[in-house]
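A look at the structure
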Amino acid sequence: MSSESAVVSSPQEPFLLLILSSPSGAGKTTLSARLRARFPGLRFSVSHTTRKPRANETDGREYHFVERASFERMVLEDRFVEWAEVHGNLYGTSEGEIERARASSDGVLFDVDYQGARQIRVRYPDAVTVFILPPSLQELERRLRSRASEDEPTIRRRLSNALGEIEHYGFFDYVVVNDDLQDASSRLESIVIAERSRRVRRAALAEGMLRDARAKR
Ligand code: ADP
Ligand code: 5GP
């Protein structure tokens, strides 16, 4: 399958919660952009965060930027499906945002850390979890440096966090090694297509069983 393959979009598609997780710099933003070009019905989840807006928010994501006190109030009011502290900032996904996306799209793409992925899975057991693995730590370091937007201590912190995140890759349904960008994109596309057809088959099976049960009554 290539990036030139047809765009796939239909409001009848079964709803998909797709969680992408990776150490920073592994290529999650790049891969998400490609995936959304291929499946325009897939929306990014909109997170709340206490981090400050950047001069250029280039990854296509939207955030609600809030003060720490507001974020903490939302935690106490139990408004988050998941939240975590990442690189010193708080990030969270509210239930309201997921329900809004459910009403207006045929899938939600989450870009969350491992803690967030686990919490979403508890709430939505049907969510599909994918870990994007860099081909090596040397390559991860090269990519972090290629972004040229971060200072040395930040790069060092991201590299040391990467080891902690990679340790958890066994939790995920799929692991995609992002070595060759085209290969990794194709693999992600295949995962979306396979998971959607699994849901279609399961819904058809349930419908057939209900029909049989009603006929026997
Ligand atoms: P993340 O969102 O996981 O932090 P990015 O998508 O920003 O990572 O990617 C980090 C850097 O690595 C970017 O400069 C991006 O262009 C580059 N990159 C992503 N995937 C690949 C790849 N397969 N091969 C080479 N460079 C890549
Ligand atoms: P950034 O601030 O660069 O957009 O995101 C930094 C990190 O925070 C990323 O690794 C991303 O996975 C994580 N992140 C972004 N939004 C959320 C969220 O809503 N919940 C959690 N748990 N992590 C998030």
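Residues numbered from 1 in each chain as written. Chains lettered and ligands numbered in written order. Predicted model: local features only at pLDDT ≥ 70, side-chain atom pairs only at ≥ 80, totals over all residues. Heavy atoms only, no water.

This part takes up the side chain of Thr-129. You can see Thr-129 is positioned in strand β8 (residues 128-133). The exposure class of Thr-129 is buried, given its relative accessible area of 0%. Dropping the residues within four chain positions of it, Thr-129 is found in contact with Ile-19, Arg-121, Phe-171, Phe-172, Asp-173 and Tyr-174. (Helix = DSSP H or I, 4+ residues; strand = E, 2+ residues; numbered from the N terminus. Buried < 20%, exposed > 50% of the residue type's maximum accessible area, 1.4 Å probe, protein only. Contact = heavy atoms within 4.5 Å.)

Before going further, it helps to spend a moment on the pairing of strand β9 (residues 174-177). Here β9 shows a buried face lined by Tyr-174 and Val-176 and an unburied face lined by Val-175 and Val-177. Bridge count for β8 against β9 is 4 bridges, and the pairing is parallel. Note that in β9 the partner of Leu-133 across the bridge is Val-177. (Pairing = 2+ DSSP bridges.)

Next up on the list: the nonpolar core. If you look at soluble globular proteins, the nonpolar side chains tend to sit buried side by side. With 24 residues, the main nonpolar core has Leu-18, Leu-35, Val-130, Ile-132 and Leu-188 as its most contacted residues. Counting residues per element, the ones that place at least two in this core are β1 (16-21), α1 (28-38), β2 (42-44), β8, α5 (137-146), α6 (152-166), β9 and α7 (181-216). In terms of residue count, α7 provides more of this core than any other element does, 4 residues in total. Not counting the four nearest positions on each side in its chain, Leu-35 is found in contact with Leu-18, Leu-42, Leu-109, Leu-188, Glu-189 and Val-192. Grouped together as the second largest cluster of nonpolar side chains are 17 residues, Leu-17, Ala-101, Phe-110 and Phe-131 included. (Core = buried A, V, L, I, M, F, W, Y, C linked by side-chain atoms within 4.5 Å.)

For the rest of this paragraph, the subject is the confidence of the model for the protein. Mean pLDDT for the protein: 89, with 92% of residues reaching 70 or above. Between residues 1-11, whose pLDDT stays under 50, and residues either more than four places distant or in other chains, the model counts 23 contacts. (pLDDT = per-residue confidence, 0-100.)

This paragraph deals with the packing of aromatic side chains. Any aromatic ring pair is given by two values, namely how distant the centres are and how the planes are angled relative to each other. For the structure on display, the rule yields 8 aromatic pairs. For the ring pair Phe-71 and Phe-80, a centre distance of 4.6 Å and an interplane angle of 25° mean the geometry is stacked. The exposure class of Phe-80 is buried, given its relative accessible area of 6%. Aromatic side chains Phe-71 and Trp-83 sit 6.2 Å apart centroid to centroid with 70° between the ring planes, which places their arrangement in the edge-to-face category. Linking Phe-71 in helix α2 (residues 68-76) with Trp-83 in strand β5 (residues 80-86), this pair joins segments that are 12 residues apart in sequence. (Phe/Tyr/Trp six-rings, centres within 6.5 Å; stacked < 30°, edge-to-face > 60°.)

Take the packing of α1 against α7 next. Where α1 contacts α7, the axes come no closer than 10 Å and their chain directions differ by 50°. As summarised for this structure, α1 and α7 are arranged oblique, according to the angle between their axes. α1 and α7 meet at a crossing whose hand is right-handed. Here Thr-30, Leu-31, Arg-34, Leu-35 and Arg-38 of α1 lie close against α7, whose contacting residues are Leu-181, Gln-182, Ala-184, Ser-185, Leu-188, Glu-189, Val-192 and Ile-193. For the contact of α1 with α7, the residue count by class is 7 nonpolar, 3 polar and 3 charged. (Axes fitted to C-alpha atoms, helices over the stretch in contact; angles between N-to-C directions. Parallel < 35°, antiparallel > 145°, perpendicular 65-115°, else oblique. Left-handed = near helix turned anticlockwise from the far one by under 90°. Nonpolar A, V, L, I, M, F, W, Y, C, P; charged D, E, K, R; others polar.)

Paired through backbone hydrogen bonds, the strands of a sheet run either parallel or antiparallel to each other. The strand order across the open sheet built from 5 strands is β2-β7-β1-β8-β9, with neighbouring strands paired in parallel fashion. The two strands at the open ends of the sheet, each matched to only one other strand, are β2 and β9. Neighbour to neighbour, the strand axes of the sheet diverge by 25° on average, direction disregarded. Alignment of β2 against strand β7 (residues 107-111), held across 3 bridges, turns out to be parallel. Bridged to Phe-44 within β7 is Leu-109.

By the burial criterion, the buried members of α5 are Glu-139, Leu-140, Arg-143 and Leu-144. For α5, the arc enclosing every buried residue in end-on projection is 140°, short of the 170-degree limit, so these residues lie on one face. With respect to the buried face of α5, the exposed residues turned more than 90 degrees away are Gln-138 and Ser-146. In the stretch just after α5, Ala-148 is the one whose phi turns positive, near 50°. (Arc of directions from axis to C-beta.)

Turning our attention to the site of ligand 1. Taken together, 16 residues surround ligand 1, and among them Gly-25, Lys-28, Thr-29, Thr-30 and Arg-147 come closest. At a separation of 2.4 Å, an oxygen atom of ligand 1 approaches a polar side-chain atom of Thr-29. The fraction of the free accessible surface of ligand 1 (570 Å²) that becomes covered by protein chains is 78%. Going through the elements one at a time, α1 and α5 are the ones with two or more residues in the shell around ligand 1. (Near = heavy atom within 4 Å. Polar contact = N/O pair within 3.5 Å; in protein donor to acceptor, adjacent residues only side chain to side chain. Areas by Shrake-Rupley, 256 points an atom, 1.4 Å probe, with all protein chains shown as cover.)

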